[in-house]
Amino acid sequence: MTAPTVSPPPPGSPRRDPADRPAGPSLSPSRAADFKTCPLLFRFRTIDKLPEQPSADQVRGTLVHAVLETLFDLPAAERTPEAAAALVEPAWQRILTEEPGVAEILAAAPARRGVTDPAAVAAEADASGLPVIPGQAALADVPEPDEATRLSAFLDSARALLPGYFAVEDPRRLEPAERESLVSTLIDDELLIRGYIDRLDISPAGDLRVVDYKTGGAPREAFEGRALFQLKFYALVLWRTHGVVPRVLRLLYLKDAEALDYSPDAEELERFERTLVALSAAIERAKRDQDFRPKPSRLCGWCSHQALCPEFGGTPPPYPTTTDPAADSAPADDDRLA
Ligand code: SF4
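Residues numbered from 1 in each chain as written. Predicted model: local features only at pLDDT ≥ 70, side-chain atom pairs only at ≥ 80, totals over all residues.

### Things to note about the pairing of strand 6 (residues 258-262)
Put simply, the test is: Paired strands, as defined in this entry, are two strands with at least two bridges between them according to DSSP. Secondary structure elements are taken from DSSP: a helix is a run of H or I of four residues or more, a strand is a run of E of two residues or more, and numbering for both begins at the N terminus.
With 5 bridges connecting them, strand 5 (residues 248-253) and strand 6 associate as antiparallel partners. Bridge pairing links Leu249 to Tyr262 in strand 6. The hairpin turn running from strand 5 into strand 6, its antiparallel successor, is 4 residues long, and Ala257 in that turn takes a positive phi close to 50°.

### Some remarks on helix 2 (residues 39-47)
We count it as follows: Exposed residues have 12 or fewer other C-beta atoms within 10 Å of their own C-beta, buried residues have 20 or more, and residues in between are partly exposed; the C-beta atoms are placed from the backbone. Placing a C-beta atom from the backbone of each residue, one calls two residues in contact when those atoms lie within 7 Å.
Here helix 2 lies mainly inside the structure; 7 of its 9 residues are buried. On its buried side, helix 2 packs onto helix 1 (29-37). Of the residues trailing helix 2, Lys49 is marked for its positive phi of about 55°.

### A closer look at the packing of helix 3 (residues 56-71) against helix 7 (residues 147-159)
Going by this rule: Helix axes use the C-alpha atoms of the stretch in contact, all axes being lines fitted to C-alpha atoms, and the angles between their N-to-C directions lie in the range 0 to 180 degrees. In this scheme, roughly parallel covers angles under 35 degrees and roughly antiparallel covers those over 145, while 65 to 115 is roughly perpendicular and the rest are oblique. By convention the crossing between two helices is left-handed if the near helix lies anticlockwise of the far one by an angle smaller than a right angle, and right-handed if it lies clockwise.
Here helix 3 crosses helix 7 at 55°, and the two axes come no closer than 10 Å. With respect to their mutual orientation, helix 3 and helix 7 come out oblique. Relative to helix 7, helix 3 is oriented so that their crossing is right-handed. Contacts from Ala56, Arg60, Leu63 and Val64 in helix 3 reach Phe154, Ser157 and Ala158 in helix 7.

### Structural notes on the pairing of strand 2 (residues 178-187)
Summarising burial for strand 2: 7 of the 10 residues are buried, a large majority. Bridge count for strand 2 against strand 3 (residues 191-202) is 9 bridges, and the pairing is antiparallel. Pairing of Arg179 across the sheet is with Arg199, part of strand 3. The turn joining strand 2 and strand 3, which pair antiparallel and follow one another in sequence, is formed by 3 residues; a positive phi near 55° is taken by Asp188.

Function cannot be read off these values alone, since they describe shape.
Shown next as structure tokens:
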């Protein structure tokens with residue numbers, strides 16, 4: 001992973017360096033999306049800090065992101081589809097070394113068919129407004145393979161996503177400026193926004209392009225909206241830190257070999273900044289009142305906390321008496337996934 005990116009503010013900007021700021025409100029794209037999706041889910045993750053097991057799909061996303069990051073360590077001429085496929089096994093070994101628990105996630109994951117991407121389901125729910133159907137996520141089971149077969153199939157499924165990348169980009173013609181970088185800035189002079197960007201390209205003319213790899217299913221209108229929320233978040237950080245509006249926000253859907261390019265403008269990012277400030281104010285009000293309400297949607301089928309959720313007959317734990325003031329400042333792991 002490359003070093004955190006905290007660049008000087010644009011000339012004449014009164015904005016302060018995030019490092020100089022006292023502890024205050026902060027947001028990452030995933031936590032902002034959590035609050036929009038379900039305030040109680042935000043509380044469980046950010047304030048109660050309840051543990052969650054990532055899904056096999058999320059682990060696959062981590063693996064493919066790691067492969068595409070290390071691909072650019074190779075000399076340009078060697079960044080071929082075969083070389084990328086050969087990086088899968090070593091990347092998996094590195095993940096296992098850093099987080100041995102992921103092996104159990106694969107072992108425990110039920111064999112499923114169909115769409116299992118919770119972000120896509122959440123987005124679809126946002127768009128459709130369909131009622132919750134608890135347990136809807138349970139898809140048809142297939143016979144359980146043994147551990148070696150399961151791992152082999154898992155690694156093959158990661159390799160199978162790579163041709164989709166090469167169909168839309170030629171990495172031999174790219175030299176990214178940043179990969180898997182933590183970026184952050186202050187907005188409204190007190191709100192810290194930060195998160196990880198998959199890749200940042202800077203042209204010789206100084207144009208910025210933010211690239212986000214998506215390893216989930218087919219893009220849907222609302223899913224793209226959710227992903228663009230994340231990219232606008234990064235565009236705003238880069239605008240405030242580099243002094244230029246990124247020319248292109250690129251979503252790269254590996255499964256479908258599709259790229260979606262979007263060009264923001266300054267007025268739009270200013271509106272987005274006001275949206276984030278309002279969202280942060282709503283979160284601070286909820287904290288003050290200790291009032292985080294459940295907001296059921298089809299995402300509930302993937303929620304790890306149904307047993308504690310009133311919508312499912314549960315009772316949330318007592319509100320923590322002391323909360324870490326920087327609780328929501330650290331970008332979540334899922335800011336790097338999808
Ligand atoms: S089960 Fe649904 S309503 Fe309850 S916390 Fe999870 S996402 Fe929110």
